[in-house]
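Residues per chain are reported as follows:
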Amino acid sequence: MPLADYHRRAAVAASQVIAGFDEQLFEAALESTGIGLALGRDAANTREGRALADLTVRLLARLYPTLALVSGPGAEALCTELSTLARAVNPKITITDHAAVGIAIGLDAPAFERTFHAGSDAWTALLSSRAPQPVGDSAIPFGAGAAACFAAAAIFRSVLMGEPDPVPDDLTVSCLDGIDPIAPKVPENGWALPGSTVLVGCGAVGQAAVWALGRSPLRGDLDLVDHESVELSNIQRYVLTTRADENAGKAELTAATPTVGLTFHSHPEEWASFTAAHGYRWETALVAVDSAAARRAVQASLPRWIANAWTQPGDLGVSTHAFLTGACLSCLYLPTGQTPSEDAVVASALGVDQLVREVRTLLHSRAPMPPDVLDAIATGLDVPRDALARFEGRPIRELYVEGVCGGSVIQLGQAGRPRQDVHVPLAHQSALAGVLLAARLVRRAAGIEPGGTQITGFDILRSPAAHPTRPALKDPRGTCVCQDSDYLHVYRVKWPTEPAS
Ligand SMILES: [Zn+2]
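Residues numbered from 1 in each chain as written. Predicted model: local features only at pLDDT ≥ 70, side-chain atom pairs only at ≥ 80, totals over all residues. Heavy atoms only, no water.

**Quick notes on unusual backbone geometry**
Phi at A122 is positive, roughly 55°, even though this residue is not glycine. Summarising the element assignment, A122 is placed in the loop between β5 (114-121) and β6 (124-128). The exposure class of A122 is buried, given its relative accessible area of 15%. Positive phi, normally seen in glycine, also occurs at D382, with a value near 60°. (Helix = DSSP H or I, 4+ residues; strand = E, 2+ residues; numbered from the N terminus. Buried < 20%, exposed > 50% of the residue type's maximum accessible area, 1.4 Å probe, protein only.)

In structure tokens form, the structure reads like this:
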């Protein structure tokens, strides 16, 4: 079974969460294991069921080369639709009708020898390895979206990490979070976004957020900001992309997502030029960027309210920020201690700490790497000199990005490599962060806002904690923008009705 041509990125992601990662074993496990998705009548006939099935296919088809789509009575048309989607995501995929292990959606869905039953009830995700789970027919896609991610994580842990029982107890996770999942019956529509809402970042997390927001009963305008284009290696975890989307603009592609009541506006530019052109008066900012500096830049523009999502090896989450009363986004991303410079990071990743000055010059000049530097890197990385042959005459950055971050040169699974700061998340990890980010926005539009700063985190390799949400206070050093009198003054003038406590 051929793996997807963007598979290499998934191997890098997997090597960062699997202890003692062995690439040959990983590929052999992928190639020898078909993953099933079984659909019952209620999967096809409910909005949540269809959303759950859609995201599940978007996650599985990116990684597994064989997908078995099994239809119960009444789900045949959905099955056909999803096989078209799976082939668009990975044209090399093999679609079959039999697998030993898989995910079942719907109370009457066929089962596999080993089945993870996914379901949802509006905001709540359900997953069980024992009994079929119901799917609701609400207009709320968050429980369904999160259930798809937890189910994909269970498959990953079972098939690729060899865990005998990744879901020992039935899992119930509310995307309302911090609020009893059963108590409030939140009405399902009539929600309007604040006048100015912006999503910063249309990568893996931002796309999953828009996957969910497009399905939400929301009205209003959402501006999407991202200056980059889709690279082949991104397709490994960008849930809105198909194989044909390589080189598409991230913001434009994301803005083409079908929506119930939102209007998307794409802005293929960086945050700084976007705000220079469109102003700083953003009531609400969703932050789906991948660096601390980019997060601090959004916070410094002083939106009234921010929701932020992140992924780290094995860990993901979302935070919501009250600038006056709790930790602002910058509080969570203030530099701690000395951050290594880029040349030190690159030199270290290439195993040539002693050549940091040469590396700095080469990064700056973009000149071809001299042979003696390539020799030193081959020695430092402990790879044959031939493995670097195709980087001769090319800039050192290309070797770093393709060879180390992209995993095309280094042996995956070596201790400490790739470094954690070139973390590549698994698709279901980024997708869950995005779904949670979207849920935070809709929760607020629905008038449910706990106040203060709240951080919610999940370790995707373990069962969710009973209380994944905690408050966060301002950074104690007192050096953050949210403790600076000039910033506080500007914020209060900009948002005069914001309560101070
Ligand atoms: Zn702060």
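Still more ground to cover, so stick around.
**Quick word on the environment of R444**
The topology assignment puts R444 in helix α16 (residues 427-445). Owing to a relative accessible area of 22%, R444 belongs among the partly exposed residues under this scheme. Distance in space between the C-alpha atoms of R444 and C202 is 21 Å, their sequence separation being 242 residues. Not counting residues within four places of it along the chain, the set of residues in contact with R444 comprises E283, T284, R304, W305 and E449. (Contact = heavy atoms within 4.5 Å.)

**Examining the sheet that holds strand β4 (residues 101-105)**
Sheet strands associate in pairs through backbone hydrogen bonding, adopting either a parallel or an antiparallel arrangement. Across the sheet, seven strands lie side by side as β3-β2-β1-β4-β5-β6-β7; this open sheet has mixed pairing. Because the sheet does not close on itself, it has two edges, and the strands there are β3 (94-96) and β7 (171-174). The mean inter-strand angle of the sheet, taken between neighbouring strand axes irrespective of direction, is 20°. Where strand β2 (residues 66-71) meets β3, three bridges bridge the pair, whose relative direction is parallel. Counterpart to L67 in the pairing with β3 is I95. Sheet strands touched by helix α6 (residues 142-160): β1 (35-39), β4, β5, β6 and β7. Its angle to β5, the strand with the most contacts, is close to 165°. (Pairing = 2+ DSSP bridges. Axes fitted to C-alpha atoms, helices over the stretch in contact; angles between N-to-C directions.)

**Examining the coordination of the zinc ion**
The protein atoms donating to the zinc ion are C328 (SG), C331 (SG), C480 (SG) and C482 (SG), with metal-donor distances spanning 2.2 to 2.3 Å. Geometry at the zinc ion is tetrahedral, judged from the four donor atoms that bind it and their angles of 98 to 125° at the metal. Here the donor residues of the zinc ion are spaced in sequence according to C-x2-C-x148-C-x1-C. Taken as a pair, C331 in helix α11 (residues 329-332) and C482 in the loop between β16 (469-471) and α17 (485-494) lie far apart in primary sequence, 151 residues in all. You can call C482 buried: its relative accessible area is 2%. (Donors = N, O, S within 2.8 Å, 3.2 Å for Na, K, Ca; no water. Tetrahedral: all angles 85-135°; square planar, octahedral: opposite > 155°, others 65-115°.)

**A short note on the domain arrangement of the chain**
Its domain assignment divides the chain into domain 1 (6-174), domain 2 (197-336 + 428-494) and domain 3 (342-404). Placing a centre on the C-alpha atoms of domain 1 and another on those of domain 3 gives a separation of 40 Å. (Domains from an automatic or database assignment.)

**Side note on the packing of helix α4 (residues 47-63) against helix α5 (residues 76-89)**
At a minimum axis distance of 9 Å, the contact between α4 and α5 shows a crossing angle of 35°. The handedness of the crossing between α4 and α5 comes out as right-handed. Here R50, A53, D54, V57, R58, A61 and R62 of α4 come into contact with α5, specifically with L78, E81, L82, L85, A86 and V89. Here the residues of the contact of α4 with α5 are counted per class, giving eight nonpolar, no polar and five charged. (Left-handed = near helix turned anticlockwise from the far one by under 90°. Nonpolar A, V, L, I, M, F, W, Y, C, P; charged D, E, K, R; others polar.)

**Topic: the pattern of salt bridges**
All chains considered together, the criterion is met by 18 salt bridges. Note that D54 and R215 form a salt bridge whose closest N and O atoms lie 3.4 Å from each other. Pair noted here: D54 is in helix α4 and R215 is in helix α7 (residues 204-215), with a separation of 161 residues, a long-range link. In this structure, the salt-bridge partner of R394 is E398, at a minimum N-O distance of 2.7 Å. Among the charged side chains, a salt-bridge network with shared partners connects D5, R243 and E246. (Salt bridge = Lys/Arg side-chain N within 4 Å of Asp/Glu carboxyl O.)

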